[in-house]
Amino acid sequence: MAELIGKTYAQALIEVAEEMGKIQQFKEELNSIYEIFNREKEFKIIFMHPKLSKNEKKDIINSVFKDRIAQQILNLIYIVIDKGREKYLMDIIEEYIELSNEKQGIVKAQAITAVPLDEEEKLKLQNKLSEKLGKTVYLENIVDEGIIGGVFVKIQDKIIDASIKGQLDRIKKNLKDI
């Protein structure tokens, strides 16, 4: 349900942003909202509180974000409040970011390594993936000593396993099949 609601509102907002040529601006503003809600837990608790009236919630949003975000985003939040769907606001933002990344040809990837990649290695891998996919890749490095060495890359629905653990697992499987 949350995913459906998130997609519906995000799709509506992305269409407005596209018409206005403000996909990136809206993404940045929604990211700011997302960060505030995640960083300021008390703010989120107050905003979600069931005893606050819709108008009180709108006043809170207005006082915090009025001159910081586009009116279209503010209006979307007002609609979310009017419909009693405040708990889905973060889902809506996440879906919007996903849709905007898709429209902008941006994909997120995770490079799992046994030791942290230095910036040069990370940039080299990111550029190689971007070149192969024909899209802009944002690479996150996650350290997991369990892979022993090499790199394990997750990108969209693809997995590239160039880890030592993966190679050992394949050798083990092949030996069992003999």
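Residues numbered from 1 in each chain as written. Predicted model: local features only at pLDDT ≥ 70, side-chain atom pairs only at ≥ 80, totals over all residues. Heavy atoms only, no water.

Novice: Can you help me understand the packing of aromatic side chains in this one?
Specialist: How two aromatic rings sit relative to each other is set out by the distance from centre to centre and by the angle between their planes. As enumerated under the stated definition, the model contains 3 aromatic pairs in all. Each ring, one from Phe-37 and one from Phe-47, has its centre 5.3 Å from the other, and the planes form 75°; the classification is edge-to-face. Linking Phe-37 in helix H2 (residues 23-39) with Phe-47 in helix H3 (residues 41-48), this pair joins segments that are 10 residues apart in sequence. Here Phe-37 and Phe-47 have matching classes, each one buried. Chaining the aromatic ring pairs together yields one cluster made of Phe-37, Phe-43, Phe-47 and Phe-65. (Phe/Tyr/Trp six-rings, centres within 6.5 Å; stacked < 30°, edge-to-face > 60°. Helix = DSSP H or I, 4+ residues; strand = E, 2+ residues; numbered from the N terminus. Buried < 20%, exposed > 50% of the residue type's maximum accessible area, 1.4 Å probe, protein only.)

Novice: Explain a nonpolar patch on the surface to me, please; I cannot follow it from the model alone.
Specialist: A contiguous nonpolar patch, built from Ile-148, Ile-164, Leu-168, Ile-171, Leu-175 and Ile-178 and spanning about 630 Å² of accessible area, is present on the exposed surface. The residue Ile-171 is located in helix H8 (residues 164-177) in this model. (Patch = residues over 30% accessible without salt bridge, like charges linked within 9 Å, V, L, I, M, F, W, Y side chains within 5 Å. Areas by Shrake-Rupley, 256 points an atom, 1.4 Å probe, with all protein chains shown as cover. Salt bridge = Lys/Arg side-chain N within 4 Å of Asp/Glu carboxyl O.)

Novice: What is the right way to look at the pairing of strand S2 (residues 136-143) in this model?
Specialist: Within a regular strand, the side chains alternate between the two sheet faces. Across 8 bridges, strand S1 (residues 106-113) lies against S2 in parallel orientation. Bridge pairing in S2 places Ile-106 opposite Thr-136. The parallel pair S1 and S2, bridged by helix H7 (residues 119-133), forms a crossover whose chirality is right-handed. (Pairing = 2+ DSSP bridges. Right-handed = clockwise from strand over helix to strand, strands pointing away.)

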